[in-house]
Amino acid sequence: MPRKTKRQKRHEDEHTHLAIRVEHCEASVEAAVNYSVYMPESTWNSDDDDPLYRFATRLTVAGISTCPEERAGDTYEVTIYGDNLDSGDIRATLKDVQERDEYGSPKYRQYRGRQIPIYKPPPGTGLMDKIRGEPRWTAWLRVSPRFTSDALALLSNGRALFLAIHERKTNRTRWVQSASLQTTVPAEE
């Protein structure tokens, strides 16, 4: 089998499944009138269908990685944003990510005698960064307000919690593919 060049290796995705034992968290919730009502000239991305009222939750979960072995003991701080504004990508449908031809028609491919859609998946739900020179990481992701409410309910139950993160590294960028807050140890599933 031919060896891959450095350039080919650079364009391959690396996947890491992290298990983080939650040590502490911080949360804030906000309710406000959509600021676009007061300053429409400064809201370039506003839409007439945007909600009049803004409801936002910010949840920061911090902990220590237990898995994989090469990152065990590293600390993580993950900020989770749940917002009913500026969340068009959260409300996206499969139709929104279906590839289109030059005429705007949806693309399909043949699979076992059937036409199936061709999708262009988003890179992830958020980003992860390593703090240079330290065994410390930060991450953020945007989720539905329902996810943050459910996470807050889990955090208030008093049980030990774990954050499971599926990380995908493309070139030098680390994307959060999925995240779950749970009462079981992710590595034992």
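Residues numbered from 1 in each chain as written. Predicted model: local features only at pLDDT ≥ 70, side-chain atom pairs only at ≥ 80, totals over all residues. Heavy atoms only, no water.

> Give me the nonpolar core: which residues, what numbers.
In this structure, Met-128, Leu-163 and Ile-165 are the most contacted members of the largest nonpolar core, which totals 20 residues. Every element with two or more residues in this core is listed here: β1 (14-33), β2 (53-67), β3 (75-83), β7 (136-143), α2 (145-155), β8 (162-170) and β9 (173-182). Of all the elements, β7 adds the most residues to this core, at four residues. Met-128 has contacts with Leu-18, Arg-71, Tyr-76, Trp-137, Thr-138, Ala-139, Ile-165, Glu-167, Arg-174 and Val-176, leaving out every residue within four places of it along the chain. (Core = buried A, V, L, I, M, F, W, Y, C linked by side-chain atoms within 4.5 Å. Buried < 20%, exposed > 50% of the residue type's maximum accessible area, 1.4 Å probe, protein only. Helix = DSSP H or I, 4+ residues; strand = E, 2+ residues; numbered from the N terminus. Contact = heavy atoms within 4.5 Å.)

> How would you sum up the packing of aromatic side chains? Please name residues and give values.
This model, assessed by the stated rule, comprises one aromatic pair. Seen in terms of ring centroids, Tyr-76 and Trp-137 are 5.8 Å apart; in terms of plane orientation they differ by 5°. Their pairing is stacked. Taken together, the positions of Tyr-76 in strand β3 and Trp-137 in strand β7 put the pair 61 residues apart, joining distant regions of the chain. Comparing Tyr-76 with Trp-137 shows no difference in burial state: the two are buried. The aromatic ring of Trp-137 is capped on one face by Lys-130, whose charged end is 5.9 Å from the ring centroid. (Phe/Tyr/Trp six-rings, centres within 6.5 Å; stacked < 30°, edge-to-face > 60°. Lys NZ or Arg CZ within 6 Å of the ring centre and 35° of its normal.)

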